[in-house]
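# Chain and residue survey
Chain by chain, the residues run as shown.
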Amino acid sequence: MLAPPAINTSDSHALQQQCQNIGIQFCKDSIQILGSMIANDNKCIVNFVKDKLQEQSRFLSLLSHRRMNKQYALQLLIKDVVPTLGYLSQTIEPGLLRQAATDFDIEIIRVFCNIGNIDYDMLPYHKREQINLKISKGGFGLRRNIQISPCSYFANMYDILNDISNMFPHDVHDKTLSSAPVKYIKTQLNELLRNELLPMGVTIEKLHAMHVDLLDVTLFADEQHMQVCSKLAKANDIQNSDNIKTITTSLQHTLTQLVDIENERILIQQLKSNEHLSFDYAAYMDVCENHSRRWITLDCSNPVYQLFNNEIEVCIQNHLGVQFHKGLQGRTCMCGSSFEEDPNHFLSCVSRLNEHIIHRHDLIKQTIAKNMEILKIQTQIEPTTLLHDNIMQAENVRPDIAVYKDPTAVLIDVTVINATNPSNIRKYGNKVVSECTKQIANTDFMNEQRTKNITVKQLRAVDDAENRKIVKYASLSCDNKMEFDPVVLTTRGTVGYHTFNFTNGIDYTLEAEYNPTWKSHMFNCITVALARGNAKCVKAGLRLMAKHDATHNKQYAHMFLHNILPSTASSSLRPAMQLYDDVASTDSDSGSD
């Protein structure tokens, strides 16, 4: 039992004696109950929250440890660390959580930067905002607790309002002391809505727009009646769901979703309004597509989907559109391209890294063929038996894969493009995204044809690449009476409209016989192949830069190789380090500086 703050000493002793007689714990200042804290002094609650978060410091340090697998570390950070304040945010006022939540959010971003080998101090503000967005919006799901806590507390307070109202059924018109509990809760709801939720973009109109059935309930604030939104018990997702959620869960999800939408709107507006952020805008739109974020949610317990640490680093850096290495700041590639204009230039540097770009292309091509063969669908890599005319032979028009399925065959050509290179940025400007209505036709497991129209957004660079491939192979596919499907991916994993259309006609009975989720498995394997290919391009690019610097600037090369490059990549750069040592020893023997 917690003693009231205004109780005098004599009454306190008497109450304490009665609690001892009946075996109840008596507390004067604070009491910890059901995993939360109730206290007469707010400082006790603040210290309690700090102690709870301090328990996570050891876990956070382990996630940043050099021997920790970074793929596991990223998923643990998203799924286990971020929800740490979930329960406390429902039971403790947001104002008491604010400072601790802010510090915890910063620590989470720092750990994330360590996992991705990113310099936290050099990370722009809009990149940090992108990290905080949920995964489906192009972020990493590291939502800020300082924004989640008001949503959670509001939802929980409203959930208990009905129970308290039932305990005081005449409170709505009662002005006596018995109305204090209900009046206090309604006042808290009004203050949260006005001071916390409205500034984050949560409005009654937006709740109505999300098809939430709202009932108006009179809330009191400063003895004045106010009408606010409430009562989400009749929300559509609760009515139509077999697994009924609580009001708290539904309302919290709705409020958090509105906050996410507002954060995304602010980020896009910031990126589009600043011409110096045109690359960042294009890079952000590139990762908003479903396939581009598959690598984040891969089941890393499956050996097929496991990525090495340097591959995860490249995935994170490429996803955010930041430099692959802080040693590349303000520099240019040996081909003359600036890393400031295109931080991800290594992924498409044909003049210097063409061998590794071809290797990435072959990895994706072989992955598609292998998954088709698992389903016992005949494939042929780079078929040579197709009918060609003289022009096609001169232009070396040859598809990557031929897939022979009933009742026809499909020619496939794989292309990986850098949608955010300077030429595409200059060509499209802020209009890097196009919209169209696409008709989807699927055959379900009952062999019934179903079609639906959806609005699809796609990068214009991907759209143009698909159209070029379709025109290029139109004559070849017509002469051989085959279909043609271009497989166009960006370096971040975004796919085009026509990509993987060849999978729609595969027999569903065959699918169920071998693997009911084979299509998702194939997409995951392609994601892994793309990540591995990108990492090889980056490692090769850093190695070439190191060799170049070792030849022309020994002092800079020493810093670049031994102080800047991460330890995870040192083994791959031993040839460059050996080259530097050879150059240094030769100069010392000759007596040169």
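Refer to the structure above for everything that follows.
Here's a quick rundown of the structure. (Residues numbered from 1 in each chain as written. Predicted model: local features only at pLDDT ≥ 70, side-chain atom pairs only at ≥ 80, totals over all residues. Heavy atoms only, no water.)

## Re the sheet that holds strand β6 (residues 401-405)
Strand order in the open sheet made by the four strands is β5-β6-β7-β10, with mixed pairing throughout. Of all strands in the sheet, those bounded by a partner on one side alone are β5 (378-381) and β10 (483-490). Across the sheet, the axes of successive neighbouring strands diverge by a mean angle of 20 degrees, strand direction being ignored. Across five bridges, β6 lies against strand β7 (residues 408-417) in antiparallel orientation. (Pairing = 2+ DSSP bridges. Helix = DSSP H or I, 4+ residues; strand = E, 2+ residues; numbered from the N terminus. Axes fitted to C-alpha atoms, helices over the stretch in contact; angles between N-to-C directions.)

## Quick notes on the packing of helix α6 (residues 94-115) against helix α8 (residues 145-167)
Each pair of packed helices gets described by two things: the angle between the helix axes and the distance between those axes. Look at α6 against α8: their axes get within 8 Å of each other, and the N-to-C directions meet at 145 degrees. Where α6 abuts α8, its residues Pro94, Leu97, Arg98, Ala101, Thr102, Phe104, Asp105 and Ile108 lie against Asn145, Ile146, Ser149, Pro150 and Tyr153. (Contact = heavy atoms within 4.5 Å.)

## Overview of the pairing of β6
Regular strands place side chains that alternate from one sheet face to the opposite one. For β6, a buried count of four out of five residues is recorded, marking the element as mostly surrounded by other parts of the structure. Sheet analysis places β5 next to β6, joined by four bridges and oriented antiparallel. Residue pairing across strands places Ile381 opposite Ile401, the latter belonging to β6. If you look at the hairpin formed by β6 and β7, you'll find two residues sitting between the two strands. (Buried < 20%, exposed > 50% of the residue type's maximum accessible area, 1.4 Å probe, protein only.)

## Looking at the packing of aromatic side chains
A ring pair, where both rings are aromatic, is described by two values, the distance of the centres and the angle of the planes. Using the criterion set out here, one finds four aromatic pairs in the structure. Here Tyr473 and Phe484 contribute two aromatic rings whose centre-to-centre distance is 4.7 Å and whose plane-to-plane angle is 15 degrees, an arrangement assigned as stacked. In this pair, Tyr473 sits in the loop between α18 (460-472) and α19 (474-479) while Phe484 sits in strand β10, placing the two residues eleven residues apart along the sequence. Through pairs of rings, three or more aromatic residues link up here, namely Phe112, Phe140 and Trp295. A cation over a ring is seen here: Arg128 above Tyr120, with NZ or CZ 4.1 Å from the ring centre. (Phe/Tyr/Trp six-rings, centres within 6.5 Å; stacked < 30°, edge-to-face > 60°. Lys NZ or Arg CZ within 6 Å of the ring centre and 35° of its normal.)

## Concerning the pattern of salt bridges
For the structure on display, the rule yields 14 salt bridges. Here Arg144 makes a salt bridge to Glu129, at a shortest N to O gap of 3.2 Å. Taken as a pair, Arg144 in the loop between α7 (125-132) and α8 and Glu129 in helix α7 lie far apart in primary sequence, 15 residues in all. By relative accessible area, Glu129 is classed as buried at 12%. Measuring nitrogen to oxygen at the nearest pair gives 3.2 Å for the salt bridge that ties Asp286 to Arg492. Of this pair, Asp286 sits in helix α13 (residues 278-286) while Arg492 sits in the loop between β10 and α20 (508-514); the two residues are 206 residues apart in sequence, bridging distant segments of the chain. Each member of the salt-bridge network shares a partner with another, and the members are Asp362, Lys365, Glu382 and Arg398. (Salt bridge = Lys/Arg side-chain N within 4 Å of Asp/Glu carboxyl O.)

## Some words on the side chain of Arg293
Among the structural elements, Arg293 can be located in the loop between α13 and α14 (309-320). Look past the residues within four positions of Arg293 in its chain and what remains in contact with it is Ile135, Ser136, Val287, Cys288 and His319.

## Description of the packing of α8 against helix α9 (residues 180-197)
It is at 10 Å that the axes of α8 and α9 come closest, and there the two elements cross at 155 degrees. What the angle tells us is that α8 and α9 run roughly antiparallel. Between α8 and α9 lies a crossing whose hand is left-handed. Seen from α8, the contacting residues are Pro150, Cys151, Tyr153, Phe154, Met157, Tyr158, Ile160, Leu161, Ile164 and Ser165; seen from α9, they are Pro181, Val182, Ile185, Lys186, Gln188, Leu189, Leu192, Leu193, Glu196 and Leu197. Tallied by class, the residues present in the contact of α8 with α9 amount to 16 nonpolar, two polar and two charged. (Parallel < 35°, antiparallel > 145°, perpendicular 65-115°, else oblique. Left-handed = near helix turned anticlockwise from the far one by under 90°. Nonpolar A, V, L, I, M, F, W, Y, C, P; charged D, E, K, R; others polar.)

## Observations regarding α7
Of all eight residues in α7, six are buried, a share of seventy percent or more. Every buried residue belonging to α7 is among His126, Lys127, Glu129, Gln130, Ile131 and Asn132, and all of these are buried.

## As for the environment of Glu191
For Glu191, the position within the fold is in helix α9. Put simply, Glu191 and Phe154 are 37 residues apart on the chain and 9.8 Å apart in space, counted from C-alpha to C-alpha.

## Considering the nonpolar core
Leu77, Phe112, Phe140, Leu142, Trp295 and Ile316 are the most contacted members of the largest nonpolar core, which has 48 residues in total. Of all elements in the fold, only β2 (36-39), α2 (42-54), α3 (57-63), α4 (70-81), α6, α14 and α21 (518-552) reach the threshold of two or more residues within this core. In terms of nonpolar packing, the next biggest core, distinct from the first, is built from 23 residues, Val403, Val416, Ile526 and Ala529 among them. (Core = buried A, V, L, I, M, F, W, Y, C linked by side-chain atoms within 4.5 Å.)

## As for α4
Taken together, the buried positions of α4 are occupied by Lys70, Gln71, Ala73, Leu74, Gln75, Leu77, Ile78 and Val81. Looking at the buried residues of α4, the elements they touch are α3, α6 and α14. For α4, the N-terminal cap is Asn69; the gap from its side-chain oxygen to the backbone nitrogen of Gln71 is 3.0 Å. (Polar contact = N/O pair within 3.5 Å; in protein donor to acceptor, adjacent residues only side chain to side chain.)

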